[in-house]
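The chain contents come next:
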Amino acid sequence: MKVICILSFLFLSDAIAAKTHLRTTSENDHGIVNHLAKQSRGLGDESQCKSVAQDTYRGMAVLMDNDNSGSFFPTQGDVSIANSLMPRGGTFPHIKAICTLTAAVPSESPPFCTLETTFVDGKIMSTGSPPDLVVMGGTGAYLGAFGTMTTAEDFTRYLNGDISFSASIYYCRLIIPGPLFP
């Protein structure tokens, strides 16, 4: 358990350092951030970094009214669950999202969210508060992914129950030669 906590701490420290550098770098030079992230992990050139272009995702979301306020407007502790948020004009990637309102006045702080982005060849898991979420890992072609998912700070909620927001993902993954489990 200690090893997992230490590795998580090191990963988050590197992500914060890379994010801080990204914000101070003109034109978001991912090449420099990528190099620094690789260097801090001792990866050399054994990782591959890519991005998923910004798109707008929209779909049905269910709001769980946890305090029984009965209001159309969400309150602290309410949870929004979206099973299939689709990109404009396409089917992949699509997103599942669970977001919890953590502030007493929801407009004062973004919710805490977990998003699962599904591609044809795997998934990427992200968590955090918009606009900057941490890519925590992945499956399939995204196994071992790390990076940042950037979303709009304010999700649009429609009267029919739909929500929409824009999102992009910048991620890296290790290239592991040979079989993963011999």
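Everything that follows concerns the structure shown earlier in this document.
Residues numbered from 1 in each chain as written. Predicted model: local features only at pLDDT ≥ 70, side-chain atom pairs only at ≥ 80, totals over all residues. Heavy atoms only, no water.

### A look at the nonpolar core
- Leu85, Ile95, Leu115 and Ile169 are the most contacted members of the largest nonpolar core, which totals 23 residues.
- Going through the elements one at a time, strand 1 (47-64), strand 2 (79-87), strand 3 (94-100), strand 4 (112-119), strand 6 (132-140) and strand 9 (162-174) are the ones with two or more residues in this core.
- Among the elements that line this core, the one with the most residues is strand 9, at five residues. (Core = buried A, V, L, I, M, F, W, Y, C linked by side-chain atoms within 4.5 Å. Buried < 20%, exposed > 50% of the residue type's maximum accessible area, 1.4 Å probe, protein only. Helix = DSSP H or I, 4+ residues; strand = E, 2+ residues; numbered from the N terminus.)

### Remarks on the packing of aromatic side chains
- One pass over the structure, following the stated rule, counts three aromatic pairs.
- On the basis of an interplanar angle of 35° and a centroid distance of 6.3 Å, the ring pair of tyrosine 57 and phenylalanine 165 is categorised as tilted. One end of the pair, tyrosine 57, is in strand 1; the other, phenylalanine 165, is in strand 9, and 108 residues separate them in sequence. For the pair formed by tyrosine 57 and phenylalanine 165, the shared burial category is buried.
- Three or more aromatic residues joined by ring pairs make a cluster, and in this case those are Phe119, Tyr142 and Tyr171.
- Cation over ring: arginine 58 sits above tyrosine 158, and NZ or CZ is 3.7 Å from the ring centre. (Phe/Tyr/Trp six-rings, centres within 6.5 Å; stacked < 30°, edge-to-face > 60°. Lys NZ or Arg CZ within 6 Å of the ring centre and 35° of its normal.)

### A few points about the state of the cysteines
- According to the stated counting rule, one finds two disulfides in the structure shown.
- Residue pairing for cysteine 49: its cysteine sulfur links by disulfide to cysteine 172, the two sulfurs lying 1.9 Å apart. The sign of the S-S torsion, about 105°, decides the handedness of the disulfide formed by cysteine 49 and cysteine 172: right-handed. With cysteine 49 in strand 1 and cysteine 172 in strand 9, this residue pair connects regions lying 123 residues apart in the sequence.
- Cysteine 172 gets classed as buried once you look at its relative accessible area, which sits at 4%. (Disulfide = S-S within 2.5 Å.)

### As for unusual backbone geometry
- Here the bond from phenylalanine 92 into proline 93 is cis, since omega is -10°, no more than 30 degrees from zero.
- Residue placement: proline 93 occurs in the loop between strand 2 and strand 3.
- Geometrically, the link from proline 130 to proline 131 is a cis peptide bond, its omega value of 15° lying close to zero.
- In this structure, asparagine 68 is a non-glycine residue whose phi angle is positive, near 55°.
- With respect to the element layout, asparagine 68 can be found in the loop between strand 1 and strand 2.
- What makes asparagine 68 exposed here is its relative accessible area of 68%.

### Here we look at the pattern of salt bridges
- In this structure the tally under the stated criterion is four salt bridges.
- Arginine 88 is the partner of aspartate 55 in a salt bridge, and the nearest nitrogen-oxygen pair spans 3.4 Å. A residue pair is termed long-range when its members are at least 10 positions apart, and aspartate 55 in strand 1 and arginine 88 in the loop between strand 2 and strand 3 qualify at 33 residues.
- Residue classification places aspartate 55 among the buried positions, given a relative accessible area of 17%. (Salt bridge = Lys/Arg side-chain N within 4 Å of Asp/Glu carboxyl O.)

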